[in-house]
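# Overview (structure and organization)
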Amino acid sequence: MRLRKKKNLTPRMERCGDIWVKQPDTRRGQWLQDRTETELHLEIGSGRGRFTVETAASVPSALLVAIEREPNATIVAMERARGMELGNILFVDGDAAKLTEMFAPGEVARIYLNFSDPWPARRHEKRRLTSPGFLEMYRRILTSDGEIHFKTDNRPLFDYSVRQFPACGYALDEVTYDLHEQDIVGVMTDYEAKFHELGLPICRCVARLEAQHD
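### Some details on the side chain of H41
- Positionally, H41 belongs in strand β2 (residues 39-44).
- Side chain to side chain, H41 and E39 meet in a polar contact 2.8 Å long.
- Those residues within four positions of H41 in sequence are excluded, and the remaining contacts are V59, A62, L63, L64, V65, A109, R110 and Y112.

Written as structure tokens, this is what we have:
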């Protein structure tokens, strides 16, 4: 994601210090400690936060941790959360490849993957967030009945993903190749709203953990 650099980025980030987690590894296994929320949800690639804040507002019983590597997007999301006075969101500037350093085994109940980079070249397959390496890593931090909610406008990536989920021990549910065909369903991201206005179909599925496979 390439965004125009925000003015006064550093002081604006610091003003959101109460919801910006700079050292997520120190909270590993303790994200819900001393909190009222009963589940931990994770969004990887939260962008400017439209989906993040609306989802957190609709599920107050869950703590939503949003990971985004682009600070010019993160600041927009954090200021949105502050503007809505939401207390069940935390933001992390981190690398999805290091999730097991941030979260303990069985700590995360749900993962959201929204419009992830498709990395279409075969040589880049390992970078796709639905590649076997990532799916195995998610298994290690998800609860025994944990689930992944995946949305994309990229049909080749979706076709690839619906093959990988079952191969890595996930049961597929709610598979659709045109989520908003009849009417808008669920919370949209900023990009998703633009895609929908252009008439581009959105693919979505839910992948739920099955018993550990060999």
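Text resumes after the structure shown.
### Some remarks on helix α7 (residues 190-197)
- Turning to α7, its buried residues number three or more, namely D190, E192, A193 and F195.
- Buried positions along α7 lie against α2 (50-58), α3 (71-83) and β6 (142-152).
- Looking at where α7 begins, the residue whose side-chain oxygen comes 3.4 Å from the main-chain nitrogen of Y191 is T189.
- A positive backbone phi angle near 80 degrees is found at G199, which sits one or two residues after α7.

### Notes on the sheet that holds strand β3 (residues 62-67)
- Taken in spatial order, the 8 strands line up as β1-β4-β3-β2-β5-β6-β8-β7 in an open sheet, and their pairing is mixed. Of all strands in the sheet, those with a lone pairing partner are β1 (20-21) and β7 (170-176), marking the two edges.
- Note: β2 against strand β5 (residues 108-114), 4 bridges, orientation parallel. Residue L42 lies in a different strand from β5, and its bridge partner there is I111.

The rules we used
- Residues numbered from 1 in each chain as written.
- Predicted model: local features only at pLDDT ≥ 70, side-chain atom pairs only at ≥ 80, totals over all residues.
- Heavy atoms only, no water.
- Helix = DSSP H or I, 4+ residues; strand = E, 2+ residues; numbered from the N terminus.
- Polar contact = N/O pair within 3.5 Å; in protein donor to acceptor, adjacent residues only side chain to side chain.
- Contact = heavy atoms within 4.5 Å.
- Buried < 20%, exposed > 50% of the residue type's maximum accessible area, 1.4 Å probe, protein only.
- Pairing = 2+ DSSP bridges.

Read these as geometric descriptors, not functional statements.
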